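Structural overview for review
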Amino acid sequence: MESRVINGVAVRGVVLPPKPAARLYGNCILPTMRLSGKLTDGGNLIWGRQLRPAVLLEASPTTVPISLVAKREGFQPCHAAASSPAEGGDSAGEAKVGFLKKYPALVTGFFFFMWYFLNVIFNIMNKKIYNYFPYPYFVSVIHLFVGVIYCLMSWTVGLPKRAPMDSTLLKLLIPVAVCHALGHVTSNVSFAAVAVSFTHTVKALEPFFNAAASQFILGQQIPFALWLSLAPVVIGVSMASLTELSFNWLGFTSAMISNISFTYRSIYSKKAMTDMDSTNLYAYISIIALIVCIPPAIILEGPQLMKYGFNDAIAKVGLTKFITDLFWVGMFYHLYNQLATNTLERVAPLTHAVGNVLKRVFVIGFSIIVFGNKISLQTGIGTSIAIAGVALYSFIKAKIEEEKRQMKSA
């Protein structure tokens, strides 16, 4: 037996280990690991995600020196201590489920509502601006410019925290942003030239272009059922175009170019998959797209704007309304796109597909009501057939993707 004196108290018959170099509180297990890579690259860790793993934690048979652990501030225990009566007993220790987490369906529904609402407001306000200021290239720049200012202010206050950018990621995002810019500008050219309802009817052909690009560019085999479901879309758009009272080739061609541009944007987006969150990703794409849109606006519309464009608009509605209209249409454009991205992250592919179809129905319906556009019976039937075809295509595609996902997980 051996006796030792610990803190002035004699302990007999117990062999005590040497005094550790540091003291850990709580029931916590410290894994043995080592750090590899550059610690200066730790900035890649953002919002709980790591864009590129420059800092790796690897298991090691060697033990981490306890002196390094002692330097860490405020080690948190792995298991919380039992709550005392003064802290409210067991009821205080239970996690309280908030309203938003308890009813996620209501939150998702609110996201859909705001997405549709902002989209409808944007389309109506955008068309009203073109009625007294028909310069779609300049207005497209304003849309992106207001959104970029919004993103920069959000980054300044840290909501969200800005994700880092490097040359590799920039090269991946440039093609996406260029296609986004081209599709956005040509959409606005079409909105300025024809009725909003007709532009959205033509843009219902976008799934057809997506399927064609997947088949002939990406080499993905498209099932025959999907091709068959696209037939009503083509037929319906053709019927609507033949009797559309506001039809002109500039509006029709611009809408078709927009379809092709957004198709290629989808292709490049798949190649530019990244762990960056959607809010930061859309912010970077908006900045690059703004830079792309400025030169065409200056070259194509700059002389007319300086000569009489601004003066005519101010004479019609006044300087204050002109500036506020441009600001709010840009704000609604950015918010509805950002909210659409955030909404689609919360739902399954089938819900996503149905949501996109319903959004187009809402926009077409409200634009006809607000602007009083006269449409022929054939145009109405053609539009309905096209929308029904898009719904059928989206449903079949979503079911196929869900089956593939289940097969992979099985």
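It should be emphasised that the depicted structure is a prediction, and the values quoted were computed from it without experimental measurement.

Another point: the nonpolar core. Core analysis: the largest hydrophobic core is formed by 42 residues, its most contacted members being I129, F133 and F138. When residues of this core are traced back to their parent elements, those giving at least two are α4 (104-132), α5 (136-157), α6 (167-193), α11 (278-317) and α12 (319-344). Ranked by residue count, the leading element in this core is α4, at 10 residues. Residues contacting I129, with those up to four places away along its chain left out, are V139, D325, L326 and V329. Formed by 20 residues, the second largest nonpolar core is a distinct cluster that contains F209, L226, V390 and Y393.

A word on a nonpolar patch on the surface. A grouping of F216, I217, L218, I260 and Y264 is seen on the molecular surface, where their side chains present a nonpolar patch of about 470 Å² in accessible area. Tracing the backbone through its elements, the reader meets L218 in the loop between α8 (206-216) and α9 (224-243).

Our focus in this paragraph is the confidence of the model for the chain. In the predicted model, the chain carries a mean pLDDT of 76, and 73% of its residues have values of at least 70. When pLDDT is averaged over each element of the chain, α5 comes out on top at 95 and strand β4 (residues 45-46) at the bottom at 30. Within the model, pLDDT remains below 50 along residues 28-95, and this stretch shows 70 contacts once partners closer than five positions in the same chain are excluded.

What follows concerns α8. Within α8, nine of the 11 residues are buried, which leaves the element mostly enclosed by the surrounding structure. The inward-facing, buried residues of α8 abut α9, α10 (249-271) and α14 (377-409).

Calculation notes
Residues numbered from 1 in each chain as written. Predicted model: local features only at pLDDT ≥ 70, side-chain atom pairs only at ≥ 80, totals over all residues. Heavy atoms only, no water. Core = buried A, V, L, I, M, F, W, Y, C linked by side-chain atoms within 4.5 Å. Buried < 20%, exposed > 50% of the residue type's maximum accessible area, 1.4 Å probe, protein only. Helix = DSSP H or I, 4+ residues; strand = E, 2+ residues; numbered from the N terminus. Contact = heavy atoms within 4.5 Å. Patch = residues over 30% accessible without salt bridge, like charges linked within 9 Å, V, L, I, M, F, W, Y side chains within 5 Å. Areas by Shrake-Rupley, 256 points an atom, 1.4 Å probe, with all protein chains shown as cover. Salt bridge = Lys/Arg side-chain N within 4 Å of Asp/Glu carboxyl O. pLDDT = per-residue confidence, 0-100.

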